[in-house]
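# Close look at the chain arrangement
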Amino acid sequence: MKPLTNTDFFKTPLILKITAFSLISITFFYLGKHWSNSVYQQLLFFPTPQNSIFISPNNDKSFNITPLISQNQSDQPPTDQAITLTPPPIYPPPNESPLSVPNPTFGIIDSDGKMTDDFDVGEFDPDIAENWGNGTENDSASKNFKVRVRKYELCPESMREYIPCLDNVEAINRLKLTKKGERFERHCPEKGKQRNCLVRPPKGYRQPIPWPRSRDEVWYSNVPHTRLVEDKGGQNWISKEKDKFKFPGGGTQFIHGADKYLDQISQMVPDITFGHHTRMILDVGCGVASFGAYLLSRNVMTMSIAPKDVHENQIQFALERGVPAMVAAFATHRLLYPSQAFELIHCSRCRINWTRDDGILLLEVNRMLRAGGYFAWAAQPVYKHEQVLEEQWEEMLNLTTHLCWELVKKEGYIAIWKKPLNNSCYLSRDPGAIPPLCDPDDDPDNVWYVDLKACISRLPENGYGANVSTWPSRLYTPPDRLQSIQYESYIARKELLKAENKFWSETIAGYVRAWHWKKFRLRNVMDMKAGFGGFAAALIDQGLDCWVLNVVPVSGSNTLPVLYDRGLLGVMHDWCEPFDTYPRTYDLLHAAGLFSVERKRCNMSTIMLEMDRILRPGGRVYIRDSLDVMDELLQIAKAMGWQATLRDTSEGPHASYRILTCDKRLLNH
């Protein structure tokens, strides 16, 4: 065998393999280093438990990595564009590792986001403690805070029928003048003297009799007052039989029943056509509201009003029956309804002197009466031939002539006048005629704490309000006065109204399906922030046998003219003050977007306590509002003894709105 030389040794296969492997390894090492420098711009490493942060030296560099992406991870073809990775922000190293610090159970959050008990306590401010507000305790470390509310106590038994702004004896006793009915107007408790308790139901309170049976009978225990039975029993108003009050349907001027009385009015003036041309009616001095109760079957919405006078529970009876009603008085301020609201205003022995003070009260009727509308007066001066009464009739004729009203019909004990359609008659009167026209800058829809004015409210020159559609088409037809109200949007108002209708139509349909609203005993409903009335319209579309009082808050746009033009009841109110109704009068209170607005003006617990007062035991509350008010509302509801549940909207759990649904329990007596 020939010995290997040095040259032959390096030519052996083993040495060649080792050499090739070494060269390949060195090549891949340098290529790998270059590749990593180009791709990873900035990597954060945590090599020690001291929370030290190291920044990769491969900073601010770019590399095309698309050829390295596996084809089975993407169906997209490779691209030649380079991807530049933006480095994340560099945070300064904290002083200590979170792993080495135990979680404290109290303290505040410092600037590094850690809990610490190293903080200073400021001086005590007694004003903050004093005005913290109606039993609420707010604990806050930031904008996200939790609310704890103490349980509310029950009010004294003497407050079972309490209406805060009408039962303020202290303020009423301070009145210097009362001859014009000032004592029947609003006198709300001063700040710091508001009610901070839950109004009790009367002993033996029972779930109200459902509609339509409630039109004819209610439980005595729910309204345990017999004064009206004693005073008006002979006039077929009301009677008591065992544990119920019965309502035969009569009145002082229609003892044979409201239905025959309504037929007589229709025969006297066929153009009235209840439920068609005439949809909205105001019944003044309504008694137990049988006039309005029997109009409901004719598709007419009647607002029945009366003061809290010697027959103080007449409105309470009306609401217990399930008939729209409010405590209100013709005195020194405008009523809380807009101009041209009612197609017919009715007064049957309403005990109002319409001709006093140059007819200022009848001028208020004229303001609320729609152009071309009717005023029906059933009273003794119409038909009795006594000297004093005949003088009163002549005064009424003289005043209505100056108002340009036409006496359409006088029959039996009823007289009916018609208001003109425009201002032409007013403008043709002699200069200096009394009463004068109101100034052009007077807003006839401005009603909140506005004094009565001894002038004739002008009708719009463009005819707005006079030419509404007939019922039921008017509910869906955007009215002309939609364009004249002061609203944040000056264009596309019809589209806004239609959009609101669509939203509430879909929303209420969802409520009916998911929460079985048609199984609820809903009769008296209030929408606390009504807008254009889309919520009420949706309830009508669903066929729910209820009526809705649409409240327009003073903090927003005055949409009352639009509501009445659509054929919906409405009233203006400031929710920082109590509402003029009896306790336990509504089955459902609905508030959408109310609290996120009103919390800037007053304490939310004040509004919630008022809601509890006017809500029947067993009644329901639906609050739809922004997420940031819901925690506090939930705690207040629980403190009042309500069963409350916070729910997502149809937009899902990530929406900025929530729905708070509440049921009111029957409190202990």
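Everything below is about the structure shown above.
Residues numbered from 1 in each chain as written. Predicted model: local features only at pLDDT ≥ 70, side-chain atom pairs only at ≥ 80, totals over all residues. Heavy atoms only, no water.

Going from W211 to P212, the amide bond is cis rather than trans, its omega being 10°. Structurally, P212 is set in the loop between α4 (169-173) and β7 (217-219). Cis rather than trans, the peptide bond between I434 and P435 has omega equal to -5°. Within the secondary structure, P435 is located in the loop between α12 (424-427) and α13 (493-515). Positive phi outside glycine occurs at D357, with the angle close to 50°. You can see D357 is positioned in helix α9 (residues 356-368). Within the chain, Y449 stands out as a residue other than glycine whose phi angle is a positive 55°. Here Y449 is to be found in the loop between α12 and α13. The class of Y449 is partly exposed, set by a relative accessible area of 37%. (Helix = DSSP H or I, 4+ residues; strand = E, 2+ residues; numbered from the N terminus. Buried < 20%, exposed > 50% of the residue type's maximum accessible area, 1.4 Å probe, protein only.)

Okay, the sheet that holds β7 next. What the three strands build is an open sheet, ordered β7-β9-β8; its pairing is antiparallel. The open sheet has two free edges, formed respectively by β7 and β8 (239-241), since each of these has just one partner strand. Averaged over all pairs of adjacent strands, the angle between strand axes in this sheet comes to 30°, irrespective of strand direction. With three bridges connecting them, β8 and strand β9 (residues 244-246) associate as antiparallel partners. Bridge pairing in β9 links K240 to F245. (Pairing = 2+ DSSP bridges. Axes fitted to C-alpha atoms, helices over the stretch in contact; angles between N-to-C directions.)

A few words on the state of the cysteines. Any covalent bond linking the sulfur atoms of two cysteines counts as a disulfide. Summed over the entire model, instances satisfying the criterion amount to six disulfides. Disulfide pairing is shown between C165 and C188; the S-S distance is 2.0 Å. As the torsion about the S-S bond is roughly 105°, the C165-C188 disulfide counts as right-handed. Of this pair, C165 sits in the loop between β6 (145-149) and α4 while C188 sits in the loop between α4 and β7, and the two are 23 residues apart along the sequence. Under the relative-accessibility criterion, C165 is labelled buried at 1%. A sulfur-sulfur separation of 2.0 Å characterises the disulfide bridge that pairs C438 with C455. Between C438 and C455 the sulfur-sulfur dihedral comes to about 90°; the bridge is accordingly right-handed. Of this pair, C438 sits in the loop between α12 and α13 while C455 sits in the loop between α12 and α13, and the two are 17 residues apart along the sequence. When the cysteines of the protein chain that form disulfides are numbered from the N-terminus onward, they connect as 1-4, 2-3, 5-6, 7-8, 9-10, 11-12. (Disulfide = S-S within 2.5 Å.)

Going through the model one piece at a time under the given rule, you end up with 26 aromatic pairs. Between F375 and W405, the ring centres sit 5.6 Å apart and the planes meet at 45°, which makes this aromatic pair tilted. With a gap of 30 residues between them, F375 in strand β14 (residues 369-378) and W405 in the loop between α11 (387-402) and β15 (406-411) connect regions that are remote in the sequence. Its relative accessible area of 0% is what places F375 among the buried residues. Here W517 and Y622 contribute two aromatic rings whose centre-to-centre distance is 5.0 Å and whose plane-to-plane angle is 75°, an arrangement assigned as edge-to-face. With W517 in the loop between α13 and β17 (524-527) and Y622 in strand β21 (residues 615-626), this pair connects stretches of sequence that are 105 residues apart. As far as burial versus exposure is concerned, W517 and Y622 are alike and both buried. (Phe/Tyr/Trp six-rings, centres within 6.5 Å; stacked < 30°, edge-to-face > 60°.)

With that settled, consider the side chain of T302. Mapping T302 onto the fold places it in strand β11 (residues 301-306). Ignoring anything within four residues of it in the chain, the contact list for T302 reads I281, D283, G292, L295, P324 and L569. (Contact = heavy atoms within 4.5 Å.)

On to the pattern of salt bridges, then. For side chains bearing opposite charge, pairing can occur when the charged atoms are close. Going through the model one piece at a time under the given rule, you end up with 38 salt bridges. A salt bridge links E610 to R613; the nearest nitrogen and oxygen atoms lie 2.7 Å apart. Here R613 and E610 lie together in helix α17 (residues 604-614), a separation of three residues that amounts to about one turn. Considered together, E610 and R613 belong to a single accessibility category, that of buried residues. (Salt bridge = Lys/Arg side-chain N within 4 Å of Asp/Glu carboxyl O.)

Take the nonpolar core next. General note: in soluble globular proteins, nonpolar side chains tend to be found buried as a group. Among the nonpolar cores identified, the biggest contains 147 residues, and Y337, W354, F375 and W517 are the most heavily contacted of them. The dominant element in this core, judged by the number of residues it contributes, is helix α18 (residues 627-639), at seven residues. The residues contacting W354, other than those within four sequence positions of it, are V284, F330, C347, G359, L361, L362, V365, F375, W377, M396 and L399. Counting residues in each nonpolar core, the second largest holds nine residues, with V218, V223, I238 and F317 among its members. (Core = buried A, V, L, I, M, F, W, Y, C linked by side-chain atoms within 4.5 Å.)

Attention now goes to the packing of α17 against α18. At a minimum axis separation of 10 Å, α17 and α18 run at an interaxial angle of 45°. When the interaxial angle is binned, α17 and α18 end up oblique. Classified by chirality, the crossing of α18 by α17 is right-handed. Of α18, the residues touching α17 (which contributes M604, S605 and M608) are V629, E632, L633, I636 and A637. Class assignment of the residues belonging to the contact of α17 with α18 gives a composition of six nonpolar, one polar and one charged. (Parallel < 35°, antiparallel > 145°, perpendicular 65-115°, else oblique. Left-handed = near helix turned anticlockwise from the far one by under 90°. Nonpolar A, V, L, I, M, F, W, Y, C, P; charged D, E, K, R; others polar.)

Moving on, we get to the sheet that holds strand β22 (residues 643-648). Ordered in space as β19-β18-β17-β20-β21-β23-β22, the seven strands form an open sheet in which the pairing is mixed. Two strands lie at the open edges of the sheet, namely β19 (570-573) and β22, each paired on one side alone. Between one strand axis and the next, the sheet turns through 20° on average, direction left out of account. Here β17 pairs with strand β20 (residues 586-592) via three bridges, running parallel. Counterpart to D527 in the pairing with β20 is H590.

On to a negative patch on the surface. Together, E386, E390, E391, E394 and E395 give the surface a local cluster of negative charge. The topology assignment puts E395 in helix α11. On the basis of relative accessible area, E395 is assigned to the partly exposed category, the value being 44%. (Patch = residues over 30% accessible without salt bridge, like charges linked within 9 Å, V, L, I, M, F, W, Y side chains within 5 Å. Areas by Shrake-Rupley, 256 points an atom, 1.4 Å probe, with all protein chains shown as cover. Lys, Arg positive; Asp, Glu negative; His and termini not counted. Charge placed at Lys NZ, Arg CZ, Asp CG, Glu CD.)

Before going further, it helps to spend a moment on α9. For an α-helix the count is 3.6 residues per turn, leaving residues at separations of three or four pointing the same way. Across its 13 residues, α9 extends 18 Å between first and last C-alpha, which sits within 8% of the 18 Å expected from 1.5 Å per residue. Its maximal kink placed at L362, α9 deviates by approximately 25°. With eleven of 13 residues buried, α9 lies mostly within the body of the structure. Taken as a whole, α9 has its buried residues at R356, G359, I360, L361, L362, L363, E364, V365, N366, R367 and M368. Considering only its buried residues, α9 is in contact with β10 (280-284), β13 (342-348), β14, α11 and α12. (Expected span 1.5 Å × (residues − 1). Bend = angle between axes of the 7 residues up to and from the residue.)

Keep in mind that these numbers describe shape and distance, not what the molecule does.
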